[in-house]
Amino acid sequence: MKTKLHDWRIDEVLKTPEDRAIYIQAAMDEHDPAYLAKALGNVSRIEGEERIAKRAKMTRDDFRADFIDGGNPTLRTFMRVIDALGFQMLMRPKAHA
């Protein structure tokens, strides 16, 4: 029997800044820049991608190319968008297994 998938809206799931931070941190923990870029793009859609692009000193088209359409943003661009979303990157030692 096939599993039935249901549509969902990310803005209904990531309602608070804390929810969004957890989502972005989970994307960072995957160690995949493309996955992180997609997550930042998803959160930016909730916040208003044009506003986030402006805060990050990017054109909307450049923002979309990097964070919505699967581009390859630079570290500087990642940092600008994270800041524009009101978040900060924190470093922590890895847990030893």
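Residues numbered from 1 in each chain as written. Predicted model: local features only at pLDDT ≥ 70, side-chain atom pairs only at ≥ 80, totals over all residues. Heavy atoms only, no water.

**Observations regarding the pattern of salt bridges**
Argument step 1. Within the structure shown, the criterion is met by 7 salt bridges.
Argument step 2. A salt bridge links Arg 60 to Glu 49; its shortest N-O distance comes to 3.3 Å. Placement of Arg 60 in helix H5 (residues 60-67) and of Glu 49 in helix H4 (residues 49-55) is noted, with a sequence separation of 11 residues between them.
Argument step 3. For Arg 60, a relative accessible area of 37% corresponds to the partly exposed category.
Argument step 4. One network of salt bridges, with partners in common, ties together Arg 9, Asp 11 and Glu 12. (Salt bridge = Lys/Arg side-chain N within 4 Å of Asp/Glu carboxyl O. Helix = DSSP H or I, 4+ residues; strand = E, 2+ residues; numbered from the N terminus. Buried < 20%, exposed > 50% of the residue type's maximum accessible area, 1.4 Å probe, protein only.)

**Quick word on the packing of aromatic side chains**
Argument step 1. Overall, the coordinates contain 2 aromatic pairs when judged by the stated rule.
Argument step 2. Look at Phe 63 and Phe 67: their rings are 5.2 Å apart centre to centre, the planes differ by 25°, and that puts the pair in the stacked class. Within this pair, Phe 63 and its partner Phe 67 are both found in helix H5, separated by 4 residues, close to a single helical turn. This pair shows no difference in class: Phe 63 is buried, exactly as Phe 67 is. (Phe/Tyr/Trp six-rings, centres within 6.5 Å; stacked < 30°, edge-to-face > 60°.)

**Observations concerning helix H3 (residues 33-47)**
Side chains of residues three or four places apart in an α-helix project in the same direction, reflecting 3.6 residues per turn.
Argument step 1. Helix length check: H3, at 15 residues, gives a terminal C-alpha distance of 21 Å against a target of 21 Å (1.5 Å per residue), a fit within 8%.
Argument step 2. Taken together, the buried positions of H3 are Leu 36, Ala 37, Ala 39, Leu 40, Gly 41, Asn 42, Val 43 and Ser 44.
Argument step 3. Buried-residue contacts for H3 involve helix H1 (10-13), helix H2 (17-28), H4, H5 and helix H6 (75-84).
Argument step 4. Sitting at the head of H3, Asp 32 places a side-chain oxygen 3.0 Å from the backbone nitrogen of Ala 34.
Argument step 5. The first or second residue beyond H3 is Gly 48, which carries a positive phi of 110°. (Expected span 1.5 Å × (residues − 1). Contact = heavy atoms within 4.5 Å. Polar contact = N/O pair within 3.5 Å; in protein donor to acceptor, adjacent residues only side chain to side chain.)

Take it as geometry only, folks, not as evidence of what the structure does.
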